Structure formats: structure tokens, C-alpha cells
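Observations on chain architecture
Here are the chains, one letter per residue:
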Amino acid sequence: MEYRAPVADMAFTLRYVAGLTRSIEDGLYADLSDDLVDTILEEAGKFASERLAPLNAVGDKHGLRFQNHAVTMPPGWKAAYADWCAGGWNGLAGPAEYGGQGLPHLLNAPCLEMWNAASMAYGIGPVLTMGAAEALAAHGTPELKRLYLEKLVTGAWTGTMNLTEPQAGSDLAVLRARAEPVGDGSYRIFGSKIFITYGEHDLTDNIVHLVLARLPDAPAGTRGISLFLVPKFLVNADGSLGARNDVFCAGVEHKLGIHASPTCTMVYGERGGAIGWLVGEPNRGLACMFTMMNNARLAVALQGVAIAERAMQKAVAYAAERKQGRAPGARADTAIIEHPDVKRMLMEMRGKTAAARAICYTVASEIDKAHRHADVGMRKTAHERASLLTPVAKAFSTDIGSEVASLGVQVHGGMGYVEETGAAQHLRDARIAAIYEGTNGIQAIDLVTRKLPLSDGRTVRAEIERMRDTARRIAAQNSPSFGHMAARLRGAVEALDRSTDWMLMTLNRAPADALAGATPYLRLFALAAGSGFLAEEALAAHGLAARGADDPEHARRILRARFFAENVASLAPGLESSIVEGAGSITDADLVAAL
């Protein structure tokens, strides 16, 4: 089988890192049980492995057909999407009153990982639809919700996010798309957008675009941006489809990867104006769009985990079969999986994938608490923890997606560099995730400038103290199987603590120096947090094994956490030096003159 969903690993992380079992016991998730969780994960894994994974190579090789403003998806995609929606997967975490199942984000997170591991080009489409549904649920008028929300929640219609323009990439302050009021509550939208994922396709009979544009009297900059709902086909009062709206796809991009994901240039208003409706308050569109973007950032983080898992599985299978050379102590040629350097690469792939997964699932858990917890103070604490960890999850997970996919090519050797094995596709697909939904450099800036100061630094301090406590508990076990895990984790945490002090002090005194160290700071944060979460898994596995649970995976989880601490988190001191000492070599550089 091309892809086997790692359901047991997912469930273990949900329970022992993200706190699923405790949340069920505390009543946070009504009517949810461990058995139901296992059933949902098993069924999702089956659908991902059997129905979606075979589409991956087909989509990559076949690509899309664009003709007369229309996009035709690859063979088999439309039928698979219809079956996926019929299974209720699009609405897993959607509101029950609009056709969803109302299940936790924490349960949707591993499912998102599975869809994207099966086919990243497929999985990104529903990410945008789920986000559009959430934005509309939070900010839409009752009439817009009545007409559109159920269709989006169930996946009968898809949604898009229209931000980027040719002159306005990450800087939305220079956005030019405009909206003119008609007088009946609707607006006519004019302008163009680029890089619109699933802006046009033939999977559904309508597409709901959420578009950022400016009203005639809007103030300059980001304070003057409003959000509008603009459907491909207008919707009648009874919910049926009406006339074609004045929004068209003008072209699709030819990309390095995710060939089956239509990346579109969208044009609004070339035939009199596309009709749209305001979502949220005038000039408050960016705040509304961030409802969609924040969850999309977690979903893209899960794409990084997904592509890493898929690449790792392929590399392990190849290494177990490929015989070449003699491993130390062997008398005959052995499979390359026995060679120490190949073991190192595979363990790095396993460790980074598991660490990123744990960070992402923890973010999903905190998002649920922020929405569901009965205590207002706990909701605020959970919201701030999710806010702190979201840029870490997005940047680290998507970075390791590329790193693990690259290691996968290396394990395959020359066969990885040719397209025949499929290892190269994972590397090509993975690369976009570090760019879209806010580049990873922007995630690092967000972490340093907006998230570290939350509650006067108390949020990040609490997170560091959690990591310290984990290191203390690992040390207290005094178990040889943990190796140097406690010491390396403790070293990473203390390096993070000192770097955090420096960042908070430097932000006001020398902001350019702080920004120069933002990316290595985010990586240091992720290594300490990831090592801490894997150590939590090791503690749980050690405890289960001590109580007689006979499962070889327990020993593997301990070894994985040990490897990550001793070989990956051990890089923390060097990152600390780069953060606190390396700014001058960046801020003093005059690269323009050098060119």
C-alpha cells in the first residue's frame, strides 16, 4: 500500500500529549469516547489509504486542464470528492446546526493530516472550505448563513480565500480590489487576485469566494480592508443556483509541485461588476479573514507533518528492501536500513515528524479549550497558548516537511532523484507549505513581536516551565532507556529561556536585532517544545510498559524521543548563539552594494 495512516501513533499523541483522554473525562467533549475516537481514525485512515492515496501520482502526472475559464480536475478526483463529502468528512468539526458533526478540532487534526498525506494537492482544497465556513459562521449575517453555510460545511460547495494581488503579496496595505455599494445591501466587486487555491474546478457546482476589497471611503492601509462573499453562481432565495456571477478564472499557475491543486488568477468585474455581500463590519475585513487564516495555518502545519509522514514511510520501505554493501559486523550484503548513516537519517525523519505532529495536535487541543471550556479564564489561557504555538507549528512543521522529504530522496539515492519512485514528488509538493498562509519568516516575526509579549510574557514563561517540568520528570525516572534525554532537553529549555529573555529585552531596544534572530529563535522554540512533547510520550510509554502493557511500540517511542533529544534538540546552544550574537552580521550587511 502506498500510504498507511499511522493511526496508533496519532491516537497515542492525542491521548498522552494533546490531552484527549483528560478532556473527555473533564466533559469538554460531550458524547465522545476513546472507542469512538479510534473508530473515526480507523475509518479516516482507510478512506485516505484506499481512496485518496491512489490519486496522488495521477494528479501529479496528469495535472489540470484549463480551457475557456474552466478547470477540469484529474481523472477520479470528482468521484473521490463526492464520496469524501458523503462520508461526512468535510463537516467533521463543522457546526451541527448546519450539517456538520460538531466534533473537536483535536479530532479533525489527524484527519486533516491523513487527507494531506494521501494527496497534498487534494487535502488543501477542503482546508480552504472549512476555513471559509468558520469565517462565515463567526461573522456572516443570518441571511448569508442561511444561504451558504450548510453547503460549505458539508462540502457541497467549496470556499476560497482571496487576499493576494500582483502588487500585494504579504503586504495587504497596498491592496487595490474595490467594492462599490449597489444600494440594496449588495456590492459590485472589481479587481484581480492571484494565487487563489481551488479558485476554479469542476468538483462542485458552486464556489464561494471570500474576497478582501476596499470600500470607496475606506481609510488607507490595512485599516481600510473589508471582506466580501462573492459566489461563482448567484444563489436564489430558495437556495437554488441562479445566474453566473462576474467572476472568472483567467489562468492557472504551472508549479513546482501540487500539480493537481488549481492555483488560479481570478478576475472580478470585467462585465459590470461581480456581485458580493459584506461579511462582518466595514473596514474590519482583515480581522474576519484572520478567523479563516489562523485555522488555515494549523492546517498547513499539518500538511508539513503529512508530507513528512508519507516521505518517511516510503523511505523506510525502500531502505528495508534495497540491499547494498555490508553493514558493520555483517558477513554478506545487507539492506541499507542496517547501515548506521541510513539509520540516522530514518530516525531523524521519524523524530522530526513525530515532534511536529505533537506540536500541531497540542495547538488543536488548545483551540478547542478556547471555544469549549466552561471557565472564562481557562478559555483565555488556552487562546493565548494556541496563539503562541500556532506560528511555531506552521513554520516548524512545514520546514521539516521539506527536510524530511529531502532526506527521503537521499535514502533512495539516485532512484530518489528520478520521478519513477515518487520520492521526488514529496519534495516538490512539500516546498510550497513554507510559503503560503504566511511565509515562515512572517511566522517567526509574528512569534517574536506579537506572541512573546502576550500577558506581559507570562504565556511564554508558562510554556517554558512546562518543558522544565517534563525534563525533571524524565530525570527522576533514572532509566537507562532514556539515555541523555533529560540533560539534552534541559539544555534546550534553558537555551530557550535565555533567548526569550534576550528577545523580550531587545524588541524595544533594538528591534532590527530581534528580527534578525527571529527565525533561529522559532527553530529553537520548536526543538525545545518538540523534545518536551516527545519526552511526554516517552514517559507515558515507559509507564504503560512498567504496568505490563506488551507493545513493542512503547520501546520505539522512548527511543524516538531519546534520539530527538540527543541528536536534534542538542543543536539548541548553537541556535542560542546565533540569536543573541548573530544580529550584527545581518544588520550590518550591505547586500545591495555587494550586488
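Note that this is a predicted model, so its numbers are computed, not measured.

Across its full length, the protein chain holds 21 helices and twelve strands. The C-alpha radius of gyration of the protein chain comes to 24 Å, within 12% of the 25 Å expected for a compact globule of 595 residues. The burial tally for the protein chain puts 58% of its 595 residues in the buried class. With 60 positive and 66 negative side-chain charges, the protein chain shows a spacing of 2 Å between the two charge centroids.

Using the criterion set out here, one finds two cavities of 30 Å³ or more in the structure. Of the pockets and cavities examined, the largest cavity occupies roughly 70 Å³. Those elements giving two or more residues to the lining of the largest cavity turn out to be α6 (120–139) and β3 (158–162). For the lining of the largest cavity, the element with the highest residue contribution is α6, accounting for four residues. Of the residues in the lining of the largest cavity, the class split is five nonpolar, five polar and no charged. In terms of lining residues, the second largest cavity is bounded by Leu55, Asn56, Gly59, Asp60, Trp77, Ser119, Ala121, Ile258, His259, Ala260, Gln425 and Asp429. Those elements that provide at least two residues to the lining of the second largest cavity are α3 (34–62) and α12 (423–430). Tallied by class, residues from the lining of the second largest cavity come to five nonpolar, five polar and two charged.

It is worth spelling out the nonpolar core at this point. Core analysis: the largest hydrophobic core is formed by 194 residues, its most contacted members being Trp84, Trp115, Tyr521 and Phe525. Ranked by residues supplied to this core, first place goes to helix α8 (residues 285–321) with 21 residues. Not counting residues within four places of it along the chain, the set of residues in contact with Trp115 comprises Ala44, Phe47, Ala48, Leu52, Trp84, Trp89 and Gly123.

A few words now on unusual backbone geometry. One non-glycine residue, Ser455, adopts positive backbone phi at about 50 degrees. Along the polypeptide, Ser455 turns up in the loop between α13 (440–451) and α14 (458–477). Under the relative-accessibility criterion, Ser455 is labelled buried at 18%. A positive phi angle, near 50 degrees, is found at Asn478, a position not held by glycine. Of note, Asn478 is situated in the loop between α14 and α15 (485–509).

In this structure, the largest pocket encloses a volume near 1,200 Å³. Looking at the largest pocket, it is lined by 47 residues, and the ones nearest its centre are Glu134, Thr291, Asn295, Ile367 and His371. At the level of secondary structure, the elements contributing two or more residues to the lining of the largest pocket comprise α5 (105–118), α6, α7 (142–154), α8, α9 (340–372), α10 (376–412) and α13. In terms of residues, the lining of the largest pocket owes the most to one element, α8, which gives eleven residues. Its volume calculated, the second largest pocket comes out at about 1,000 Å³. Lining the second largest pocket are 37 residues, with Thr164, Ile435, Tyr436, Glu437 and Gly438 positioned closest to its centre. Breaking the lining of the second largest pocket down by element, the ones donating at least two residues are α6, β5 (186–197), α8 and α13. For the lining of the second largest pocket, the element with the most residues is α13, which contributes five residues. Here the lining of the second largest pocket is built from residues that sort into 18 nonpolar, eleven polar and eight charged.

Compared with the 42 Å implied by 1.5 Å per residue over 29 residues, the 41 Å span of α3 between its first and last C-alpha is a close match. Considering bend angle alone, the principal kink of α3 is centred on Leu52 and spans about 40 degrees; proline Pro54 follows within four residues of it. In the stretch just after α3, Gly63 is the one whose phi turns positive, near 65 degrees.

Here we take up the side chain of Asp497. Mapped onto the secondary structure, Asp497 falls in helix α15. When neighbours within four sequence positions are excluded, Asp497 is seen to be in contact with Arg461, Ile464 and Arg468.

Turning our attention to the packing of aromatic side chains. On inspection of all chains with the given rule, the structure shows eleven aromatic pairs. Considering the side-chain rings of Tyr521 and Phe525, the 6.2 Å spacing of their centres and the 70 degrees angle between planes classify their relative orientation as edge-to-face. Of this pair, Tyr521 and Phe525 both sit in helix α17 (residues 518–546), four residues apart, which is roughly one turn of that helix. Take Tyr521 and Phe525: they sit in the same class, and that class is buried. The rings of Phe47, Trp77, Tyr81, Trp84, Trp89, Trp115 and Tyr122 are connected pair by pair, giving a single aromatic cluster. Above the plane of the ring of Phe248 lies Arg271, whose end atom (NZ or CZ) is 4.1 Å from the centre. Positioned above the aromatic ring of Phe12, the side-chain terminus of Arg557 is 4.0 Å from the ring centre.

With that settled, consider the pairing of strand β7 (residues 226–231). Successive residues of a regular strand alternate their side chains across the two faces of the sheet. Burial runs high along β7: six of the six residues are buried. Side-chain alternation along β7 places Ser226, Phe228 and Val230 on one buried face and Leu227, Leu229 and Pro231 on a second face that is also buried. Pairing of strand β6 (residues 207–213) with β7, which is carried by six bridges, proceeds in the antiparallel orientation. Residue pairing in the sheet places Val211 in a bridge with Phe228 of β7.

Going through the model one piece at a time under the given rule, you end up with 42 salt bridges. Taking the shortest distance from any N to any O, the salt bridge between Arg560 and Glu537 comes out at 2.9 Å. Here Glu537 lies in helix α17 and Arg560 lies in helix α18 (residues 552–568), a separation of 23 residues in the sequence. The same class applies to Arg560 and to Glu537, which are both buried.

Before going further, it helps to examine the pairing of strand β4 (residues 178–181). Inspection of the sheet shows β4 paired to β5 by four bridges, in the antiparallel sense. By the bridge assignment, Ala179 is partnered in β5 with Ile189. Where β4 hands over to β5, the hairpin turn is made up of four residues, of which Gly183 adopts a positive phi near 115 degrees.

The next subject is the environment of Tyr318. With respect to the element layout, Tyr318 can be found in helix α8. A relative accessible area of 19% places Tyr318 in the buried class. As a C-alpha pair, Tyr318 and Pro219 span 99 residues in sequence and 58 Å in three-dimensional space. Once residues within four sequence positions are removed from consideration, Tyr318 is found in contact with Ile336, Val411, His412 and Met415.

Turning next to the environment of Thr353. You can see Thr353 is positioned in helix α9. Ignoring any residue separated from it by four or fewer positions in sequence, one finds Thr353 in contact with Val305, Ala308, Glu309, Ile400 and Val404. A distance of 2.7 Å separates the side chain of Thr353 from the backbone oxygen of Met349, its partner in a polar contact.

Cut-offs applied
Residues numbered from 1 in each chain as written. Predicted model: local features only at pLDDT ≥ 70, side-chain atom pairs only at ≥ 80, totals over all residues. Heavy atoms only, no water. Helix = DSSP H or I, 4+ residues; strand = E, 2+ residues; numbered from the N terminus. Rg over C-alpha atoms; globule rule 2.2 N^0.38 Å. Buried < 20%, exposed > 50% of the residue type's maximum accessible area, 1.4 Å probe, protein only. Lys, Arg positive; Asp, Glu negative; His and termini not counted. Charge placed at Lys NZ, Arg CZ, Asp CG, Glu CD. 1 Å grid on protein atoms, 1.4 Å probe; cavity = no way out; pocket = protein on both sides within 12 Å on 5 of 7 lines; lining within 4 Å. Points joined across faces, edges and corners; volume = space filled by probe spheres on them. Nonpolar A, V, L, I, M, F, W, Y, C, P; charged D, E, K, R; others polar. Core = buried A, V, L, I, M, F, W, Y, C linked by side-chain atoms within 4.5 Å. Contact = heavy atoms within 4.5 Å. Expected span 1.5 Å × (residues − 1). Bend = angle between axes of the 7 residues up to and from the residue. Phe/Tyr/Trp six-rings, centres within 6.5 Å; stacked < 30°, edge-to-face > 60°. Lys NZ or Arg CZ within 6 Å of the ring centre and 35° of its normal. Pairing = 2+ DSSP bridges. Salt bridge = Lys/Arg side-chain N within 4 Å of Asp/Glu carboxyl O. Polar contact = N/O pair within 3.5 Å; in protein donor to acceptor, adjacent residues only side chain to side chain.

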